[in-house]
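Fold and contact review
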Amino acid sequence: MSRIYDALKKLEAERLGRTSGKNDGGNGGNGRNGGNGSGKRGWRRFFGSRKTNGHARVGVSFDLGPETEEAYHRLGTNLLLPGAAEATSTPRLIGVTASRHGEGATTTAAVFASILVRRRGGRVAVVEANLRSPSFDSVFKIARNGGFAELIQSQRPIGEIALATEVPNLFAIGCGHTDAGAPALFDSGGVGPALDQLRKHFDFVVFDLPPANVYGDTSILGPRLDAALLVIEADRTRVAEAECARRSLERVGVKLVGSVLNRRRNYIPAFIDEML
């Protein structure tokens, strides 16, 4: 039984400035592979939490508690450890996207990056690759004075743009500024060297990508990453929207390895759920 949705519920409630409510309970996925008979990695589904609508930009809390932290560790196991029949290497550059705005991609990216630090050690960076609706300055309380755009354009070194967070060895890199526009920036020749520098300086890098069905930026940058995760909001995102995002990303070569079903509601009464 997954507790990932409990963590997202708590974190996103704090981002909205609400006090913690009672646990709604509910069952989640355990990272089963969706077989397709071809040896290709299937979709692994992980279940998220319920949250009231709204997009208040408040700092993320990383105080997850033992059960929710263990659930994220299981998420890491399913995403980072290939199956016995797969000869792929461990992905180090991981993108997190959604089909549209407000589905929880930023929170998922931040929390998963913090879990990678706790689990694997070393240095981990979470990069704001969303120039359309940047929020790292409020989520991580970092200054918006240079970031990923400046690294791509060779205007600032990593040592200046990678800023420490409250989690030791977890660094946040904001989106930065560019006059070229996001599509031109991600299609420029500086992206490859920038990603190489991130690989050299960090053990893992998690990218907060813009919504795939709204902008084409993820389709440009995503294929250059090792893997990607799709965040889906339960009871709001239509199946057709999620499928559209999946097909469009896979068509351009994005390596989608799983999805997070966020803000999941449990419609089973608690006393029945306890007996299941």
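Up top you'll find the structure we're talking about.
Bear in mind the structure is a predicted one, so any value in this text is a computation, not a measurement. (Residues numbered from 1 in each chain as written. Predicted model: local features only at pLDDT ≥ 70, side-chain atom pairs only at ≥ 80, totals over all residues. Heavy atoms only, no water.)

1. Side note on the pattern of salt bridges
For clarity, the threshold we go by: What makes a salt bridge here is a side-chain nitrogen of Lys or Arg within 4 Å of a carboxyl oxygen of Asp or Glu, nothing more. Here a helix means four or more residues in a row that DSSP labels H or I, a strand means two or more in a row labelled E, and each is numbered from the N terminus.
Under the defined criterion, the tally for this structure stands at seven salt bridges. With a closest N to O distance of 2.6 Å, Glu-243 and Arg-246 form a salt bridge. A residue pair is termed a helical-turn pair when its members lie 3 or 4 positions apart in one helix, as Glu-243 and Arg-246 do in helix H10 (residues 239–251) at three residues.

2. Things to note about the packing of aromatic side chains
Cut-off, in case you're wondering: Stacked, edge-to-face and tilted labels apply to pairs of Phe, Tyr and Trp rings (six-membered ring for Trp) whose centres lie within 6.5 Å, assigned for plane angles under 30 degrees, over 60, and everything in between, in that order. Only protein chains enter the calculation, and the probe is 1.4 Å; a residue is then buried if its accessible area is under 20% of its type maximum, exposed if over 50%, and partly exposed in between.
Tallied over the entire structure, the rule returns four aromatic pairs. When the centroid spacing of 6.1 Å and the interplanar angle of 40 degrees are considered together, the rings of Phe-148 and Phe-186 count as tilted. Here Phe-148, found in helix H5 (residues 148–152), pairs with Phe-186, found in helix H7 (residues 182–186); they are 38 residues apart in sequence, far enough to count as distant. Judged by its relative accessible area of 1%, Phe-186 falls in the buried class. Measuring from ring centre to ring centre gives 5.8 Å for Phe-171 and Phe-202, while their planes differ by 55 degrees; the resulting arrangement is tilted.

3. Structural notes on the pairing of strand E2 (residues 93–98)
Heads up, the rule is: Pairing between two strands is assigned when DSSP locates at least 2 bridges connecting them.
Of all six residues in E2, six are buried; the element is thus mostly enclosed. By the alternation rule, side chains of E2 split into Leu-93, Gly-95 and Thr-97 and Ile-94, Val-96 and Ala-98, which are all buried. Bridge count between E2 and strand E6 (residues 204–208): four bridges; the pairing is parallel. Of the residues in E6, the one forming a bridge with Leu-93 is Val-205.

4. Focus on helix H3 (residues 105–120)
Selection criterion: Here the expected span of a helix is defined as 1.5 Å times the quantity of residues minus one.
Its 16 residues place the ends of H3 22 Å apart at the C-alpha level, agreeing with the 22 Å of an ideal helix rising 1.5 Å per residue. The element H3 is extensively covered by neighbouring structure, given that 13 of its 16 residues are classed as buried. Residue Gly-121 follows H3 closely and has a positive phi angle near 75 degrees.

5. Looking at the environment of Ile-142
Put simply, the rule reads: What makes two residues a contact is simply this: any of their non-hydrogen atoms within 4.5 Å.
With respect to the helices and strands, Ile-142 occurs in the loop between helix H4 (136–139) and H5. Its relative accessible area of 10% is what places Ile-142 among the buried residues. Put simply, Ile-142 and Ile-173 are 31 residues apart on the chain and 8.7 Å apart in space, counted from C-alpha to C-alpha. With near-sequence residues (within four places) excluded, Ile-142 lies in contact with Phe-136, Asp-137, Leu-163, Ala-172 and Gly-174.

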